[in-house]
Amino acid sequence: MDEANTKAAVLRDFLDLLDWQIPQNTQLEYSVEAFGQTYKVDYALILDGTPVAFLEAKGADTALTDDHEDQLSSYMTNKNVTYGILTNGKQYQFFQRRVDASNVDVQKVGDVSLEDLPNRLAVLKAYEKDAIESGESGKILGRINELREARQTLEANKDELAVELSDTLANEISGAISSLAETQAKEMIDRLVKDIESEIDTDGEGTDDPIGGSSSGGIEPTGSRIVGQIKREEIEGDDDAQVAVFPTKKSGLPFLKENNAWGFVRVGSEFEYVAMYVTGDVRQVKYFATVKDIVPPEEAELSRPIEEYADGAKIADDKMVIRFEPESLYELNDPVPYETKYPQGLRYTTLGALRSAETTDDML
């Protein structure tokens, strides 16, 4: 898989996925002046006759290097192109040119393996033709940059922030909880950093992997406890009722369906309902249930031994199973479609927000 074969076998389909068509809005071997010479960018993505993004390709037999990044950055800078992609068909690196006063900087906003692309939809969507044309790309990448800066601040000031939080709680409640509060505050900051990393970084680690045979290729459900379909407006309950939103791969659905439950997950705040966002090619908040109780896995009375769902030895002591009320698990007749935000771990919303959401951005 040299560069020519990689372009033919992989990258044309990748461009088509983002709705860039050759030759309608994609020009091959686009000329760029840099360092006193003329170079050729593999693909220039064109809107209204002007390049808005460059894609620089390497062969699948070539590892991406810092020199390749510098090469693409120089092309983007010289032609005032805002977006860039560097790929060898196996690894996809995404770049954004940012202008701050007189300072011009090209930043990497994503580094994603081919296998992980379906789980990195936010950065992928930012490079779609419609998103760049509408200006939505800037909003998506702006959020990623804000999250990255927030992570850096949390990591750099963790101890000071933990002290401030514990002091606030001690002043408002009781000085007796000061030391406990500081420990809990540090743990909360660590969890927050982990959640941010799962949204903006490449490996997706730190997110609870949905259970249900995902590690062994999937299992067939013994039955389904789904009652039927329901429209979101038909769900009864207070608008401000708390809803926990969990992600799941398709391979996690057998656990959901045959157990009328979800697990093995860490939970914090109390909540009355659960909504399930299905990843992959579904990309919708698709299931809804009412919470009955939250119990340790060994008390959950699951349909099959824990080991058939996951390696029991790897289930942390603080992971629980959320059991649903009987006859309360529904498939949503009007599922909430993905826009730019989706839960890569547990997220909370309200029943009112779920009812009225047009996209996931309205509820997350």
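Our subject is the structure that appears above.
Basis of the calculations
Residues numbered from 1 in each chain as written. Predicted model: local features only at pLDDT ≥ 70, side-chain atom pairs only at ≥ 80, totals over all residues. Heavy atoms only, no water. Helix = DSSP H or I, 4+ residues; strand = E, 2+ residues; numbered from the N terminus. Buried < 20%, exposed > 50% of the residue type's maximum accessible area, 1.4 Å probe, protein only. Areas by Shrake-Rupley, 256 points an atom, 1.4 Å probe, with all protein chains shown as cover. Axes fitted to C-alpha atoms, helices over the stretch in contact; angles between N-to-C directions. Parallel < 35°, antiparallel > 145°, perpendicular 65-115°, else oblique. Contact = heavy atoms within 4.5 Å. Nonpolar A, V, L, I, M, F, W, Y, C, P; charged D, E, K, R; others polar. Pairing = 2+ DSSP bridges. Phe/Tyr/Trp six-rings, centres within 6.5 Å; stacked < 30°, edge-to-face > 60°. Salt bridge = Lys/Arg side-chain N within 4 Å of Asp/Glu carboxyl O. Core = buried A, V, L, I, M, F, W, Y, C linked by side-chain atoms within 4.5 Å.

S.K.: Looking at this model, I keep getting lost on the overall build of the chain. Mind explaining?
M.R.: Of regular secondary structure, the chain possesses 10 helices and 14 strands. For the chain, the spread of C-alpha atoms along the principal axes amounts to about 70 × 55 × 40 Å. By the burial criterion, 46% of the 364 residues in the chain qualify as buried. Only carbon and sulfur atoms are counted for the fraction: they give 44% of the accessible area of the chain, which is about 18000 Å².

S.K.: Where do I start with the packing of helix α5 (residues 136-156) against helix α6 (residues 158-172) in this structure?
M.R.: The description of two helices packed together rests on the angle between their axes and the distance between the axes. One way to put it is that α5 packs onto α6 with a least axis distance of 5 Å and a crossing angle of 80°. With respect to each other, α5 and α6 are oriented roughly perpendicular. Touching Leu 154, Glu 155 and Ala 156 of α5 are Lys 158, Glu 160 and Leu 161, all from α6. Here the residues of the contact of α5 with α6 sort into three nonpolar, no polar and three charged.

S.K.: Before we go on, may I ask you to explain the pairing of strand β5 (residues 91-100) in this structure?
M.R.: Residues in a regular strand project their side chains so that they alternate between the two faces of the sheet. Of the strand pairs in this sheet, strand β4 (residues 83-87) and β5 are connected by five bridges, and their pairing is antiparallel. Residue pairing across strands places Leu 86 opposite Gln 93, the latter belonging to β5. Between the antiparallel neighbours β4 and β5 lie three residues, among them Gly 89 with a positive phi of about 85°. Bridge analysis of β5 against strand β6 (residues 103-113) gives 10 bridges, and the strand direction is antiparallel.

S.K.: How should I be thinking about the environment of Ile 235 in this particular structure?
M.R.: Relative to the assigned elements, Ile 235 resides in the loop between β7 (228-230) and β8 (242-248). Note on Ile 235: relative accessible area 6%, which makes it buried. When residues no more than four places from it in sequence are discounted, the contact partners of Ile 235 are Ile 230, Phe 288, Leu 332, Leu 351 and Arg 355.

S.K.: Even after reading the chapter, I still don't get the packing of aromatic side chains, so can you show me in this structure?
M.R.: For any pair of aromatic rings, the description consists of the separation of the ring centres together with the inter-plane angle of the planes. All told, the structure shown has 10 aromatic pairs when counted by the stated rule. Arranged with centres 6.0 Å apart and planes meeting at 40°, the rings of Tyr 39 and Tyr 75 form a pair that is tilted. In this pair, Tyr 39 sits in strand β2 (residues 37-47) while Tyr 75 sits in helix α2 (residues 66-78), placing the two residues 36 residues apart along the sequence. Look at Tyr 75 and you get buried, because its relative accessible area is 2%. Each residue in the set Phe 255, Trp 262, Phe 264 and Tyr 309 is aromatic and connected to the rest through ring pairs, giving one cluster.

S.K.: Any chance you could explain the pattern of salt bridges here in plain terms?
M.R.: Once the charged atoms of two side chains with opposite charge are near each other, the side chains can pair. Using the criterion set out here, one finds 20 salt bridges in the structure. The residue Glu 29 makes a salt bridge to Lys 7 at a minimum N-O spacing of 3.6 Å. Of this pair, Glu 29 sits in strand β1 (residues 26-34) while Lys 7 sits in helix α1 (residues 3-17), and the two are 22 residues apart along the sequence. Residue Glu 136 pairs with Lys 139 through a salt bridge whose shortest N-O separation is 4.0 Å. Taken as a pair, Glu 136 and Lys 139 lie in helix α5 at a separation of three residues, close to a single helical turn. Each of Glu 3, Lys 7, Glu 29 and Asp 42 takes part in salt bridges that share partners, so that together they form one network.

S.K.: Help me understand the pairing of strand β3 (residues 50-57) in this model?
M.R.: Counting buried positions along β3 yields seven of eight residues, so the element is predominantly enclosed. Two strands pair when backbone bridges link them, and β2 and β3 are joined in this way by five bridges, in the antiparallel orientation. Within the sheet, the bridge partner assigned to Ala 44 lies in β3 and is Phe 54. If you look at the hairpin formed by β2 and β3, you'll find two residues sitting between the two strands, and Asp 48 has a positive phi there, around 55°.

S.K.: I'm lost on the environment of Ala 181 in this one. Help?
M.R.: Structurally, the position occupied by Ala 181 is in helix α7 (residues 178-200). Classification of Ala 181 by relative accessible area gives buried; the value is 9%.

S.K.: Please explain the nonpolar core as it appears in this structure.
M.R.: A general tendency of soluble globular proteins is for nonpolar side chains to be buried together. Counting residues in each nonpolar core, the largest one holds 48 residues, and the members touching the most others are Phe 14, Phe 94 and Tyr 127. Setting aside anything within four residues of it in sequence, one finds Phe 14 in contact with Leu 55, Ile 85, Tyr 92, Phe 94, Leu 117 and Leu 124. Phe 246, Leu 253, Val 265 and Ala 300 belong to the second-largest nonpolar core, a separate cluster that totals 27 residues.

S.K.: Sorry, what's going on with the sheet that holds β5 here?
M.R.: Backbone-to-backbone hydrogen bonds pair the strands of a sheet. The strands run either parallel or antiparallel. Strand order in the open sheet formed by six strands is β1-β2-β3-β4-β5-β6, and the pairing between neighbours is mixed. Strand pairing shows two members of the sheet lacking a second neighbour, β1 and β6, which therefore form its edges. The mean angle between the axes of side-by-side strands here comes to 35°, regardless of whether they run parallel or antiparallel. Packing against the sheet, α1 makes contact with β1, β2, β3, β4 and β5, and its axis sits at approximately 25° to β2. Relative to β6, α5 is tilted by about 90°, and along the sheet it contacts β4, β5 and β6.

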